[in-house]
Amino acid sequence: MKTGKMMKYLKKTDRILLEMHTGMLVFGIVCQIAGAFFAKDQARYASSLWFGVLFAVAGSIHMARTLDRALPNGEAAAKMITRGYVFRYLVIIVVLALISVTNVMDTLIVFLGYMSLKMTAYLQPFTHKFYNMLFHETDPVPQALPEEGSREPEEAS
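Bear in mind the structure is a predicted one, so any value in this text is a computation, not a measurement. In every chain, residue numbers begin from 1 and rise along the written sequence. Local features are withheld for residues below a pLDDT of 70 in this predicted model, meaning they are given only at 70 or higher, and side-chain atom pairs are given and counted only at 80 or more; totals for whole chains, interfaces and linings count all residues. Excluded from the side-chain calculation are hydrogens and water; included are all heavy atoms of the structure.

(A) The arrangement of the overall build of the chain in detail. Secondary structure elements follow DSSP: runs of H or I of four or more residues count as helices, runs of E of two or more count as strands, with numbering from the N terminus. Assigned secondary structure in the chain consists of six helices and zero strands. Listing each helix as α and each strand as β along the chain from the N terminus yields α-α-α-α-α-α. For each residue, the accessible area found with a 1.4 Å probe, counting protein chains only, is set against the maximum for its type, and the residue is called buried under 20%, exposed over 50%, and partly exposed in between. Taken over 157 residues, the chain has a buried fraction of 29%. Whether two residues are in contact is decided by their heavy atoms: any pair within 4.5 Å suffices. Look at the contacts in the chain between residues 6 or more apart in sequence, and 69% of them connect residues 24 or more apart. Per element, the accessible surface of the chain, about 11,600 Å² overall, is 67% carbon and sulfur. Per-residue and other accessible areas follow the Shrake-Rupley method at a 1.4 Å probe size, with only the shown protein chains counted as cover for residues.

Printed below as a string of structure tokens:
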């Protein structure tokens, strides 16, 4: 894919998901480098870590879709969001239990990879600045809301 086409594709994608996925990738790379020094079984470590990161990517996509579907529904949104949250955590529990029972991967390393979903919250300011620089964009400057007259708050009687 040429650079121009790639930039257009990246600009069309959901910006928050793009920033989250970039943060997950960075976290995965850092963990992979750290694992190169500490892991005894490199292949098992790498497969477990990247499975966890891909699992986190799937979780973030599910979270975004849940929010997109729920928010236009007004008061029912809270229930829809809660159902999505419970569903994601039940899936995590089942997958980690299966991995633990079958021992096909390292459960703790899969969980570490999944925690990349949480680490993106800390990395988001950096990934946001990176994509602003990459796309030659700036964030809008916050403006104060216009005041609604100079009414003083009424005292309750």
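(B) Molecular detail of a nonpolar patch on the surface. Patch definition: residues above 30% relative accessible area lacking any salt bridge, with like charges linked at up to 9 Å and the nonpolar side chains Val, Leu, Ile, Met, Phe, Trp and Tyr linked at up to 5 Å. The term salt bridge refers to a side-chain nitrogen of Lys or Arg lying within 4 Å of a carboxyl oxygen of Asp or Glu. A cluster of nonpolar side chains, namely Leu25, Ile29, Ile33, Phe37 and Phe38, defines an oily patch on the protein surface of about 600 Å² accessible area. On the secondary structure map, isoleucine 29 appears in helix 2 (residues 15-38). Looking at isoleucine 29, the relative accessible area reads 41%, which means it is partly exposed.

(C) Broad picture of the packing of helix 5 (residues 107-114) against helix 6 (residues 116-134). To get an axis, a line is fitted to the C-alpha atoms, and for a helix only the part in contact is used. The angle between two axes follows their N-to-C directions and goes from 0 to 180 degrees. At a closest axis distance of 5 Å, the pairing of helix 5 and helix 6 adopts a crossing angle of 35°. Of the residues in helix 6, those in contact with Leu112, Gly113 and Tyr114 of helix 5 are Ser116, Leu117 and Lys118. Three categories are distinguished: nonpolar for Ala, Val, Leu, Ile, Met, Phe, Trp, Tyr, Cys and Pro, charged for Asp, Glu, Lys and Arg, and polar for the others, with Gly belonging to the last. Considering only residue class, the contact of helix 5 with helix 6 consists of three nonpolar, two polar and one charged.

(D) Expanded view of unusual backbone geometry. With a phi close to 60°, asparagine 103 is a non-glycine residue in the positive phi region. On the secondary structure map, asparagine 103 appears in the loop between helix 4 (77-102) and helix 5. Phi at histidine 136 takes a positive value of approximately 55°, unusual for a residue other than glycine. Here histidine 136 is to be found in the segment after helix 6. Looking at histidine 136, the relative accessible area reads 74%, which means it is exposed.

(E) Structural view of helix 2. To estimate how far a helix should reach, multiply one less than its number of residues by 1.5 Å. Here helix 2 is 24 residues long and its end C-alpha atoms lie 35 Å apart, about the 34 Å a rise of 1.5 Å per residue gives. Among all positions in helix 2, only Leu17, Leu18, Glu19, Met20, Thr22, Gly23, Met24, Phe27, Gly28, Cys31 and Gly35 are buried.

(F) How the structure looks around the nonpolar core. Grouping buried Ala, Val, Leu, Ile, Met, Phe, Trp, Tyr and Cys residues that are joined through side-chain atoms within 4.5 Å yields what is termed a nonpolar core. Judged by nonpolar contacts, the single largest core of 16 residues is most densely connected at Met24, Tyr114 and Leu117. Taken together, the elements giving at least two residues each to this core come down to helix 2, helix 3 (42-70), helix 4 and helix 5. A total of five residues in this core trace back to one element, the largest contributor, which is helix 3. Beyond its immediate stretch of four places on either side in the chain, tyrosine 114 contacts Gly52, Val53, Phe55, Ala56 and Ile92. By size, the runner-up hydrophobic cluster in this structure holds five residues, among which are Phe27, Cys31, Leu49 and Ile109.

(G) Molecular detail of helix 6. End to end, helix 6 covers just 23 Å across 19 residues, shorter than the expected 27 Å (1.5 Å per residue, more than 12% under). Taking the largest bend as the criterion, helix 6 deviates by roughly 60°, centred on leucine 123, and proline proline 125 comes between one and four positions later. Restricting attention to buried positions, one finds in helix 6 the residues Ser116, Leu117, Thr120, Thr127, His128, Tyr131 and Asn132. Residues of helix 6 that are buried in the fold lie against helix 2, helix 3 and helix 5. Positive backbone phi, approximately 55°, marks histidine 136, located one or two places after helix 6. Given a residue, its bend is the angle between the two axes fitted to the seven residues that end at it and to the seven that start from it.

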